[in-house]
Amino acid sequence: MQAEKKSIDNAEQLQREHYDDIADDYAAHYGDDWSQKYRYKFINEPMFGELDLSGAEVVDALCGSGETTGYLLEKGAKVTGVDISPDEIEVFETNFPDSKVQCASILSTGLESDSYDCVGVVGGLHHLHPNLIEAVDEMHRLLKPGGYFCFMEPHSGSLPDLVRKLWYRYDKLFADNEAAIDLTLLKKEFSSKFEFVKEDYKGNIAFLLVLNSLVFRIPLWLKPIYSPFLIAVESIIQKIQGPKLSCFVVCRWRKI
């Protein structure tokens, strides 16, 4: 593991402390078999499935304990994980001892510029306010020309986001700076740096109760009972839902 960056701002420090506190529960609920099945079908495949990752250098940014890394390795990628939480990094190293890992701020990763074919983020950008622009700039710096920035995030302007804002306010599982991303403003900011290749709106009942079982305090032993049915239902509903009714957006941007 590379040396941890010592220079982090207050917002990042709070995020690191917050996720160190919930690291064990987070890994258990977001890394169990049914969460992984959900991620594969509704997140990983839409984000990366059309890319040839065999031999590709990929950064799993804000990697946590590596919930996305396993998929990337199966696709033949060479993965470097980056996360600010030492506790999450420790779990990542245990799970993927042959992968590189960097315990660092996403604002200053210490990784080499123009060196990676893809940078992926699953549900990490909305933790970065007020440093979101700086973080995306850093991920742009890491990419080779023509490399892909792939991400999945809750987006502002949807009906689920109205509920999310209220939930964030009262649920101690969420840090104070968490907020859905404004995709329109983000695209405007980076219109000269990225080509916007894909934008796919997803997430309904299984997203809430299968992937986010921790948020709803659902016992892990219950998930195998209801998850197959809810994943099947989500597959049907997603065919008719648009941005207003979706819980998250999957994007693929290409570095110009």
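Along every chain, residues carry numbers that run from 1 in the direction the sequence is written. It should be noted that, the model being predicted, local features are given only for residues of pLDDT at least 70 and side-chain atom pairs only at 80 or more, the latter also being counted only at that level, while totals for whole chains, interfaces and linings use all residues. As a convention, hydrogens and water are excluded, and side-chain values are obtained from all of the structure's heavy atoms.

Observations concerning the sheet that holds strand β3 (residues 100-103)
Reasoning step 1: Strand order in the open sheet formed by seven strands is β3-β2-β1-β4-β5-β7-β6, and the pairing between neighbours is mixed. A strand with exactly one partner marks an edge of an open sheet, and here the two such strands are β3 and β6 (194-202). Neighbour-to-neighbour, the strand axes of this sheet turn through a mean angle of 15°, independent of strand direction.
Reasoning step 2: We treat two strands as partners when DSSP finds at least two bridges between them. What counts as a helix is a DSSP run of H or I of at least four residues, what counts as a strand is a run of E of at least two, and both are numbered from the N terminus. By the bridge criterion, five bridges tie strand β1 (residues 57-61) to strand β2 (residues 78-83) in an arrangement that is parallel. Axis lines are fitted to C-alpha atoms, over the contacting stretch for helices. Their N-to-C directions set the angle, which ranges from 0 to 180 degrees.

Quick word on the pattern of salt bridges
Reasoning step 1: By definition, a salt bridge exists where a carboxyl oxygen of Asp or Glu is found within 4 Å of a side-chain nitrogen of Lys or Arg. All told, the structure shown has twelve salt bridges when counted by the stated rule.
Reasoning step 2: The salt bridge partner of D161 is K165, with a shortest N-O separation of 4.0 Å. Of this pair, D161 and K165 both sit in helix α7 (residues 159-170), four residues apart, roughly one helical turn.
Reasoning step 3: Accessible area is worked out with a 1.4 Å probe on protein chains only. A residue is then buried under 20% of its type maximum, exposed over 50%, and partly exposed in between. The buried category is assigned to D161, whose relative accessible area is 2%.

Regarding helix α6 (residues 132-142)
Reasoning step 1: Of all the positions in α6, only L132, A135, V136, E138, M139, H140 and L142 are classed as buried.
Reasoning step 2: Buried residues belonging to α6 abut β1, β4 (116-122), β5 (143-153), α8 (183-189), β6 and β7 (248-255). Only heavy atoms matter for contacts: two residues are in contact if any of them lie within 4.5 Å across the pair.

Considering the environment of L211
Reasoning step 1: Within the secondary structure, L211 is located in helix α9 (residues 205-211).
Reasoning step 2: Along the sequence, L211 and N131 sit 80 residues apart, while their C-alpha atoms lie 26 Å from each other.
Reasoning step 3: For L211, the residues in contact, after removing those within four places along its chain, are H29, Y30, S35, Y38, R39, I43 and A206.

Here we look at the layout of surface pockets
Reasoning step 1: By volume, the largest pocket is sized at about 640 Å³.
Reasoning step 2: For each structure, a 1 Å grid was placed over the protein atoms alone; sets of points admitting a 1.4 Å probe that cannot get out are labelled cavities, open sets with protein on both sides within 12 Å along at least five of seven lines are labelled pockets, and lining residues have an atom within 4 Å of a point. Lining the largest pocket are 32 residues, and of these R164, F174, F207, N212 and V215 lie nearest its centre.
Reasoning step 3: The set of elements that each furnish at least two residues to the lining of the largest pocket consists of α2 (23-30), α3 (33-48), α7 and α9.
Reasoning step 4: Looking at the lining of the largest pocket, the element that brings in the most residues is α7, giving five residues.
Reasoning step 5: Grouping the amino acids of the lining of the largest pocket by side-chain chemistry returns 23 nonpolar, six polar and three charged. Grid points are joined across faces, edges and corners, and a volume is the space filled by probe spheres set on the points. Three residue categories are used. Nonpolar comprises Ala, Val, Leu, Ile, Met, Phe, Trp, Tyr, Cys and Pro, charged comprises Asp, Glu, Lys and Arg, and polar comprises the others, including Gly.

Quick look at the packing of α3 against helix α10 (residues 223-237)
If you want to describe how two helices pack, look at the angle between their axes and the distance between the axes.
Reasoning step 1: Between α3 and α10, the shortest axis-to-axis distance is 10 Å and the interhelical angle comes to 10°. With respect to their mutual orientation, α3 and α10 come out roughly parallel. Here α3 and α10 pass one another in a crossing that is right-handed. In contact with W34, S35, Y38, K41 and F42 of α3, α10 contributes K223, P224, S227, P228, I231, E234 and S235.
Reasoning step 2: Broken down by class, the residue content of the contact of α3 with α10 amounts to six nonpolar, three polar and three charged. Small angles under 35 degrees read as roughly parallel and large ones over 145 as roughly antiparallel, with 65 to 115 read as roughly perpendicular and the rest as oblique. Each crossing gets its hand from how the near helix is turned against the far one by less than a right angle, where anticlockwise is left-handed and clockwise is right-handed.

Focus: a negative patch on the surface
Reasoning step 1: A cluster of acidic residues, D24, D25, D87 and E90, forms a negative patch on the protein surface.
Reasoning step 2: Among the secondary structure elements, those contributing two or more residues to the negative patch are α2 and α5 (86-95).
Reasoning step 3: Along the chain, the position of E90 falls in helix α5.
Reasoning step 4: Owing to a relative accessible area of 52%, E90 belongs among the exposed residues under this scheme. By definition, no residue in a patch forms a salt bridge, and every one has over 30% relative accessible area; like charges are joined within 9 Å, nonpolar side chains (Val, Leu, Ile, Met, Phe, Trp, Tyr) within 5 Å. In short, Shrake-Rupley with a 1.4 Å probe defines the accessible areas, and a residue's cover is counted only from the protein chains shown. His is not counted here, nor are the chain ends, while Lys and Arg score as positive and Asp and Glu score as negative. To locate a charge, take NZ of a lysine, CZ of an arginine, CG of an aspartate or CD of a glutamate.

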